[in-house]
Amino acid sequence: MVILGIETSCDETAASVVEDGRKVLSHVLASSADMHAKTGGIIPEVAAREQVKAILPVINEAIENCKLKIENLDAIAVTAGPGLIGSLLVGVETARTLAYVWNKPIVPVNHLVGHIYANWLVAGSTWHVEKPQATSYKPHAPEFPALALVVSGGHTDLVLMTAHGKMKWIGGTRDDAAGEAFDKTARLLGLPYPGGPAIAAEAAKFEARNSKHEKLHMFPRPMMDEKNFDWSFSGLKTAVLRETEKLKNKKTKKLSGEEISCLAAEIQEAIVDVLVTKTIRAVKKFKPQSLLLGGGVAANQRLCEEFKLKIENLKLKINLHVPPPLLCTDNASYIAAAAYYNYKPVDWRKITVKPELTIMGE
Ligand code: KG4
Ligand code: ZN
């Protein structure tokens, strides 16, 4: 079964063609991130306008790249939510029109569930994963029960999956998402949007100078010792603000390069530490076969490294699956994969956008 996936929930316009939920035949992405880097965050109106311009060329390219014809497509999958309403509408209205004109089934996909399905993707014959993370990227399909940690710009959720479509929510953030914590603290350090990759790059400079992660304890780890599987990240930005105000040069009001990279390493360590500690605690409690990471923050190398270390040190019997970075951040391949494994087509007249959707549905 060949599915055309369409994703426009945030600032990306993406289309992919995926065979049998696993083989990526084409993977196309247009981003307006450069425009948002200048404004320090996403302006929804700007994102949606760019998506209107990009959507048809992106879909066209995805179909041309895999050398298939429209007749070869079995269905269209599209992100219905959560996300920015204007952005979601661009994808859903386009998908609906194509489903009607091409007479194809249309499958709405929950973006957050989609992130988990990046773990089922492998490179197909016409598309290759750039720089696969050979050590953490498992080419075999994940086995159930699986514990999935979804860490994106707007959401942080921990769910237990016993089968496709069978999910139980275990925990999540009480306030800011992990990606949001990276984005907001990066801004305090004067780093561009998106903050996650910018903080990771600065932290790498610090690590090149000092190799010990254990010493990084400048910022608090809220809720880490509580017996739930929840997180709280909003206090981090207050703590970072306080520290930057203390460190800033009195005359220039600026931080030095060394101070920025040190603070970035501390921020990354604080986020990684709480995410890994609580997730590993859930692994011990629920004893799943697989641990699946997904969402933009799963592209963080330090996070993967810490998960691997903990699993090895504690000799946990679990397979860690981490998609290669370009499948962690928003794209349409995982949307097509999620639609294949949770195939529920709807009437094209009835599909609606759901900006407030949670990982568990409505
Ligand atoms: O999943 P995603 O691409 O979009 C949403 O659904 O939100 O996630 C975007 C988030 C942003 O907050 C971004 O800063 C973060 O993922 N991110 C990272 C990295 N790459 C992207 N965070 C930490 N380290 C990274 N390498
Ligand atoms: Zn996302």
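For the structure, check the block above.
Residue numbering note: each chain is counted from 1, following its sequence as written. Chains and ligands are labelled sequentially in the order written, the chains with letters from A and the ligands with numbers from 1. Where local features are concerned, this predicted model is filtered to residues with pLDDT of at least 70; where side-chain atom pairs are given and counted, the filter is 80 or more; whole-chain, interface and lining totals use all residues. Excluding hydrogens and water, the side-chain values take into account all heavy atoms of the structure.

## Things to note about helix H3 (residues 85-102)
Put simply, DSSP H or I for four residues or longer makes a helix, DSSP E for two residues or longer makes a strand, and each gets a number counted from the N terminus. Each helix should span, by expectation, one fewer than its residue count multiplied by 1.5 Å. Its 18 residues place the ends of H3 25 Å apart at the C-alpha level, agreeing with the 26 Å of an ideal helix rising 1.5 Å per residue. Those residues of H3 lying buried are Ser87, Leu88, Val90, Gly91, Val92, Thr94, Ala95, Arg96, Leu98 and Ala99. After H3 finishes, the residue Asn103 shows a positive phi value of roughly 60°. Here the term buried applies to any residue with accessible area under 20% of the maximum for its type, exposed to any over 50%, and partly exposed to those in between, with areas from a 1.4 Å probe on protein chains only.

## As for the packing of helix H2 (residues 44-65) against H3
Note on definitions: angles span 0 to 180 degrees between N-to-C directions of axes, and those axes are lines fitted to C-alpha atoms, for helices only across the stretch in contact. For the pair H2 and H3, interaxial distance at closest approach is 9 Å and the crossing angle is 35°. Read as a crossing pair, H2 and H3 show a hand that is right-handed. Residues Ala47, Ala48, Gln51, Val52, Ile55, Leu56, Ile59 and Ile63 of H2 form the contact with H3, whose participating residues are Gly86, Ser87, Val90, Gly91, Thr94, Leu98 and Trp102. For this classification, Asp, Glu, Lys and Arg are treated as charged, while Ala, Val, Leu, Ile, Met, Phe, Trp, Tyr, Cys and Pro are nonpolar and the rest, including Gly, are polar. When the residues that make up the contact of H2 with H3 are grouped by side-chain class, the tally is ten nonpolar, five polar and no charged. A crossing counts as left-handed when the near helix is turned anticlockwise from the far one by less than a right angle, and as right-handed when that turn is clockwise. In what follows, a contact means two residues having at least one pair of non-hydrogen atoms within 4.5 Å.

## Comments concerning the coordination of the zinc ion (ligand 2)
Note on the zinc ion (ligand 2): its protein donors are His111 (NE2), His115 (NE2) and Asp330 (OD). The metal-donor distances range over 2.0 to 2.1 Å. In primary-sequence terms, the residues that donate to the zinc ion (ligand 2) follow H-x3-H-x214-D. Here His115 and His111 lie together in helix H4 (residues 111-117), a separation of four residues that amounts to about one turn. For the residue pair His111 and His115, the accessibility class agrees, reading buried in each case. Any nitrogen, oxygen or sulfur atom within 2.8 Å of a metal ion counts as a donor, with the limit raised to 3.2 Å for Na, K and Ca, and since water is left out, coordination shells can look unfinished.

## Examining the side chain of Thr279
With respect to the helices and strands, Thr279 occurs in helix H8 (residues 257-286). Exposure remark for Thr279: the relative accessible area of 0% places this residue in the buried category. Excluding anything up to four places from it in sequence, Thr279 contacts Leu147, Leu149, Leu158, Trp231, Leu291 and Phe307.

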